[in-house]
Amino acid sequence: MSSKAKRFWTPGPVIVGAGPSGLAAAACLKERGVPSLIIEKESCLASLWKLKIYDHLQLHLPKQFCQLPYVPFPREYPAYPSGQQFITYMEAYANHFEIEPLLGQEVQWAKYDAAMGHWRVKTHEYEFMCRWLIVATGENEVPVLPKIPGISEFRGRLLHTSTYKNGVEFRASKVLVVGCGNSGMEISFDLCKNGAQVSLVVRDKVHILPKKILGRSSFAISVWLLKWFPVDVVDRFLLFCSRLVLGDTKQIGIQRPKMGPLQWKNSVGKTPVLDDGAFAKIKSGEIKEASLFNQKNNNNPQDSYPKNWKGKNGVYSVGFARQGLLGISMDAHKVADDIASQWNSETRHLWLDS
């Protein structure tokens, strides 16, 4: 291969990442008549979902809040689709919009050329030049492993949730799960059901809500109530229902933030845990709640939601709003609208000799 990368000018945006964020952005742009190019470092689209989810993963929210723009989930899908069903949905989504990502192209660097007013995006084979750059690699693309003093002396098995598949191989083993988010709770529950002895470390104060209230999704109820009532009123309702269904989380050592769950999500970006059975195991002592500590994470856009999607010089982000799959759709529409307003329909692809 030549030492010089082949160089291309692409008139529309270059999108980095072929997961749900990248696919949604490309679809929204296409609906507005703007072409785009997705580049993806892995050999498949939706690589995080195909390579790094556990077997029993289900979407935390009802499917109507997780669908990508313009294409609903199949009617036969359950209210909470499985991870594999979501993968099938994304593949069908890409086919529907004829989205063909350029796979196996990891971005080595991206630079803005102020003199020419465009971005240069370099992979190991190509250099793309474009007016707009959309980062859609996702909030969870890179596993975060905390630096734990003395971990080098640990003789047991250490793994991140991205490599966890199921609890069968941990039967009768003692397992410590660090982190009390939705994934931590679900994996603890899965381990417990498979006969592991589970302890759960709570990193910080956290809101735990029942996944359903009176047979309906807690999230769907809160969305409906927000049409009529302010956030603080809806928060009080959710906390009241949570106490009725789950009891007082403080009694087992899990402290709630002073802000309500929705206000906490909007202000800090932390998603409430939607419990589907793990909390009962903690109350019964089958999952043991361990110590509490804090850790910061700064791998997010400089501006927080709802201003997270647009930067300077034509750079955008999709999927970093900390609003889950619903946030992806909102970001994709905003980015596509903004770029479409600048789009020059006369632009053509140009080949630039290396």
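- Under an unreviewed UniProt entry, the name given to the chain is Flavin-containing monooxygenase, and the organism recorded is Citrus sinensis.

## Some words on the packing of aromatic side chains
Point 1. Taken as a whole and judged by the stated rule, the model has 16 aromatic pairs.
Point 2. Measuring from centroid to centroid gives 5.9 Å for Phe86 and Tyr89, while their planes differ by 25°, and the two rings are stacked. Placement of the pair is Phe86 and Tyr89 together in helix α3 (residues 83–96), with a separation of three residues, close to one helical turn. In this pair, the class of Phe86 matches that of Tyr89, namely buried.
Point 3. For the ring pair Tyr112 and Trp119, a centre distance of 5.3 Å and an interplane angle of 55° mean the geometry is tilted.
Point 4. For Tyr112, a relative accessible area of 29% gives the class partly exposed.
Point 5. The buried category is assigned to Trp119, whose relative accessible area is 11%.
Point 6. By way of ring pairs, the aromatic residues Trp49, Tyr70, Phe73, Tyr77, Phe86, Tyr89, Tyr93 and Phe97 are connected into one cluster.
Point 7. Positioned above the aromatic ring of Trp109 is the side chain of Lys111, whose terminal nitrogen or guanidinium carbon lies 4.5 Å from the ring centre.
Point 8. Against the face of Tyr80 rests Lys211, its NZ or CZ located 4.2 Å from the ring centre.

## A word on the pattern of salt bridges
Point 1. Considering all chains together, one arrives at 11 salt bridges under this definition.
Point 2. Residue Glu98 is joined to Lys30 by a salt bridge in which the shortest nitrogen-to-oxygen separation is 3.8 Å. Of this pair, Glu98 sits in the loop between α3 and β4 (109–113) while Lys30 sits in helix α1 (residues 20–31), and the two are 68 residues apart along the sequence.
Point 3. Note on Lys30: relative accessible area 41%, which makes it partly exposed.
Point 4. Between Arg157 and Glu169 there is a salt bridge, and its shortest N-O distance comes to 2.7 Å. Here the residue Arg157 occupies a position in the loop between β7 (133–135) and β8 (174–178), and Glu169 occupies one in the loop between β7 and β8, the gap between them amounting to 12 residues.
Point 5. A cluster of three or more residues bridged by salt bridges with shared partners is formed by Arg7, Arg120 and Glu127.

## Looking at helix α6 (residues 231–246)
Point 1. When the terminal C-alpha atoms of α6 are compared, their 22 Å separation across 16 residues agrees well with the 22 Å that a helix rising 1.5 Å per residue should span.
Point 2. All of the buried residues in α6 are Val234, Asp235, Leu238, Cys241, Ser242 and Leu246. Projection of α6 onto a plane perpendicular to its axis shows the buried side chains occupying an angular sector of 130°, all on one side. Turned more than 90 degrees away from the buried face of α6, the exposed residues are Arg236, Phe240, Arg243 and Leu244.
Point 3. The inward-facing, buried residues of α6 contact β10 (208–210), β11 (212–213), α5 (218–225), α7 (261–268), β13 (273–275) and α8 (278–284).
Point 4. The first or second residue beyond α6 is Gly247, which carries a positive phi of 95°.

## Quick notes on helix α4 (residues 182–193)
In an α-helix, one turn spans 3.6 residues, which is why side chains three or four residues apart end up on the same side.
Point 1. Spanning 12 residues, α4 covers 16 Å between terminal C-alpha atoms, matching the ideal 16 Å at 1.5 Å per step.
Point 2. Across the 12 residues that make up α4, a large majority, nine, are buried.
Point 3. Those residues of α4 lying buried are Asn182, Gly184, Met185, Ile187, Ser188, Phe189, Asp190, Leu191 and Cys192.
Point 4. The positive-phi residue at the C-terminal boundary of α4 is Gly195, with phi of around 90°.

## Brief notes about the sheet that holds β7
Point 1. Taken in spatial order, the four strands line up as β3-β2-β7-β15 in an open sheet, and their pairing is parallel. Edge positions in the open sheet fall to β3 (37–39) and β15 (315–317), since each of these has one partner strand only. Mean inter-strand twist for the sheet, computed between neighbouring axes without regard to direction, equals 25°.
Point 2. As defined by bridge partners, β7 adjoins β15 across three bridges and the pair is classed as parallel. The partner of Val135 across the bridge, within β15, is Ser317.

## Details of the nonpolar core
Point 1. Core analysis: the biggest nonpolar cluster contains 79 residues, and Trp49, Tyr89, Met185 and Leu191 have the highest contact counts within it.
Point 2. For this core, the element with the highest residue contribution is α1, accounting for seven residues.
Point 3. If we skip the residues at most four places from it in the chain, Tyr89 touches Gln67, Leu68, Val71, Pro72, Phe73, Pro74 and Tyr77.
Point 4. Counting 10 residues, the second-largest nonpolar core is a separate cluster that includes Val14, Val121, Tyr126 and Leu133.

Thresholds, definitions, all that
- Residues numbered from 1 in each chain as written.
- Predicted model: local features only at pLDDT ≥ 70, side-chain atom pairs only at ≥ 80, totals over all residues.
- Heavy atoms only, no water.
- Phe/Tyr/Trp six-rings, centres within 6.5 Å; stacked < 30°, edge-to-face > 60°.
- Helix = DSSP H or I, 4+ residues; strand = E, 2+ residues; numbered from the N terminus.
- Buried < 20%, exposed > 50% of the residue type's maximum accessible area, 1.4 Å probe, protein only.
- Lys NZ or Arg CZ within 6 Å of the ring centre and 35° of its normal.
- Salt bridge = Lys/Arg side-chain N within 4 Å of Asp/Glu carboxyl O.
- Expected span 1.5 Å × (residues − 1).
- Arc of directions from axis to C-beta.
- Contact = heavy atoms within 4.5 Å.
- Pairing = 2+ DSSP bridges.
- Axes fitted to C-alpha atoms, helices over the stretch in contact; angles between N-to-C directions.
- Core = buried A, V, L, I, M, F, W, Y, C linked by side-chain atoms within 4.5 Å.

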